[in-house]
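# Structural characterization, general
Here is what each chain is made of, one letter per residue.
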Amino acid sequence: MKSNSTILFIILFIGYSCHSQKYNDLDSLNSLTFDELQKRLIKNFKDPTKSTFYAKIILEKAKKQKDTAQILNGYSYLSIIHKEDSIVLSYADSIIKISKEIDNIRFLGIGFLNKGGYYFKKRRFNKSLDNFLLAKPYADSFPRLNYIVDHSMGILKNRLGEDQEALDIYKKSWAYVKKRNFKKTDNNNYLITIHSLANSYNKVGKYDSATFYNKLGIKEALRSKNELKYYHFLLSEGINNFSLKNYNAAYDSITKVVTNFSHKMDTPNLIVTYYYYGKILLKKEKIDSALISFKKVDSLFSSTGDIFPEARESYEFLIDHYKAKKDHKNQLKYIERLLKVDSVLNTNYKYLSRKIIREYDTPKLIQEKESAIFELEDKNIIIKNRLLIVSILLGLSIFVLTYYYRKQKTLKKRFSELINTLPKKSINREINNTESIGISKDIVDYILNRLEEFENNAEFLCSGITIHELSKQFKTNSKYLSKIINIYKSKNFSLYINDLRISHSVERLKSDKKFRKYTIEATAAEVGFNTTQAFSKAFYKKTGIYPSYFIKNLEKTYCD
């Protein structure tokens, strides 16, 4: 069961008292104060037409009066009202631009948060995460805004399968919710936080804790007459009972959701509902009913293009079912659908995909697809042509797999050599006749000593360093410095600096666990490169592998 994130992006400005005034003429509205207009807007928040009207009145009035704070309020209201429309990006960018000009960190946080929420709704999770991370430092100074950003990050981590990290966030949110008495002041988000805790406890296998929070949520949802959250908790506890193998209890809970509330459930939760309903029906040996439930998962995916990784198993059942029935037409249909599902998952869940256990990986699916096509069209197409196509595909597959295997073997060898190589720090001084290079021995020794200090003090990490700047620092001329580096280091100045930086980054990545968590962009900047591309290119040139591959395998090595 996945948390409902929508409400979190509505609560930024709610808290004003409301009083009854009529939707009036424009002149009359312009005479109202900003507070009066905001009260009217919040009173009509559930009516997009009216709330948009009031938000635009606030914005226009603020622009006329050059009231920057109210201009930000106007854009913020509009971005929340239209949170699912692409125009929210324009509103959010306006908030960010103006906030930067006047150094308003609260609204900077709100601008990035709204963009993150929009991208989350569009299932563009990487962009969503980027904007939540941008919002975070600005939100830290504002507890309620910080709660929203943290909770939003937790929801995103749930989507990516990082359930323990999500649970840690929700525990922090829960402490804030209790401290601020959300049970009375903001009951809906009180329930959302409870539900997020229950969901995450289930995901990390702490089923007793999940049940505790589900029961707490059910009790509070009934008391506050929140039907939507009641059925969310009912579904969550049904999933929890399924995890505990209490199939009858799971069946009772999820049947109520399907029977009484499926038409009101949001699509992502509805997909999860039918997926678990199908799994429970299989346990109860109701194959035909399970088939219908899994087909509903497919129908919802076809209409939305969105699916949770766990629901992928629905297609495996459908493929196996029709394969056993020798219904190659439907078998092929669901193979095609599963390939499409995998395409979506590989795009939106690339950080999660390694955790998905697949009975039907892509090579097997392609092979079964060709087999199904062969059997389906056997009556009309010459077998020889079919075999030719299969042979070509098989040959291509073998070629690709062989290339991939050799490539991986080479990369693993380079990684092993790199991780087992100790750092070398030596100055080659074995040039017998320094006069032959046109520089006196005293000057050569002096510059070599300065280069040794330069390396030992890691001064090469300063970005943008040039040979002219370094020669000034050494109190020598660039011609001497360049020649000595070429002769004694056997490389030009640019390569010399890059190699020092790469060697430093390799050793730090090997020894510093926190450094391995940096993005490639941040790692590049940390060791003096101006761009990610320059860093990756230099890293590959020196080591034969890219930094992303090196870091990924370092993590595996130290985890193992």
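What you are looking at is a predicted structure, and each value in this text was computed from that prediction instead of being measured.

Reading the values: the criteria
- Residues numbered from 1 in each chain as written.
- Predicted model: local features only at pLDDT ≥ 70, side-chain atom pairs only at ≥ 80, totals over all residues.
- Heavy atoms only, no water.
- Salt bridge = Lys/Arg side-chain N within 4 Å of Asp/Glu carboxyl O.
- Helix = DSSP H or I, 4+ residues; strand = E, 2+ residues; numbered from the N terminus.
- Buried < 20%, exposed > 50% of the residue type's maximum accessible area, 1.4 Å probe, protein only.
- Core = buried A, V, L, I, M, F, W, Y, C linked by side-chain atoms within 4.5 Å.
- Contact = heavy atoms within 4.5 Å.
- Polar contact = N/O pair within 3.5 Å; in protein donor to acceptor, adjacent residues only side chain to side chain.
- Axes fitted to C-alpha atoms, helices over the stretch in contact; angles between N-to-C directions.
- Parallel < 35°, antiparallel > 145°, perpendicular 65-115°, else oblique.
- Nonpolar A, V, L, I, M, F, W, Y, C, P; charged D, E, K, R; others polar.

Turning next to the pattern of salt bridges. Side-chain pairing between opposite charges can occur once the charged atoms of the two side chains come close. Evaluated as defined, the whole model comprises 22 salt bridges. As a salt-bridge pair, E220 and R223 come within 2.4 Å of each other at their nearest N and O atoms. Of the two residues, E220 and R223 both sit in helix α12 (residues 207-223), three residues apart, roughly one turn of that helix. Note on R223: relative accessible area 52%, which makes it exposed. The salt bridge involving D445 is made with K441; its shortest N-O contact spans 2.8 Å. Here D445 pairs with K441, and both are found in helix α21 (residues 441-456), just four residues apart, close to one helical turn. On the accessibility criterion, D445 (23% relative accessible area) is partly exposed. Bridged by salt links that share partners, the residues K136, D140, D150 and K172 form one connected network.

By size, the foremost hydrophobic cluster in this structure holds 103 residues, and its most contacted members are L41, I254 and I307. The greatest single-element share of this core, amounting to nine residues, is contributed by helix α15 (residues 267-283). Discounting residues that sit within four places of it in the chain, L41 has contacts with S51, Y54, A55, I58 and Y77. Residues I447, F474, Y496 and L500 belong to the second largest nonpolar core, which totals 20 residues.

Checked against the element boundaries, T543 lands in helix α26 (residues 532-543). Reaching out from T543, the side chain makes a polar contact with the backbone oxygen of I545 at a distance of 3.0 Å. Beyond its immediate chain neighbours, meaning those up to four positions away, T543 contacts R414, L418, I502 and V506.

What follows concerns the packing of helix α11 (residues 187-203) against helix α13 (residues 227-243). For any two helices packed against each other, the geometry is given by the interaxial angle and the distance between the axes. Remark: α11 packs on α13, axes separated minimally by 10 Å, with the N-to-C direction vectors making an angle of 10 degrees. One way to sum up the angle between α11 and α13 is to call them roughly parallel. Contacts from N188, L191, I192, I194, H195, A198, N199 and N202 of α11 reach α13 at K229, H232, F233, S236, I239, N240 and S243. Within the contact of α11 with α13, the residues separate by chemical class into six nonpolar, eight polar and one charged.

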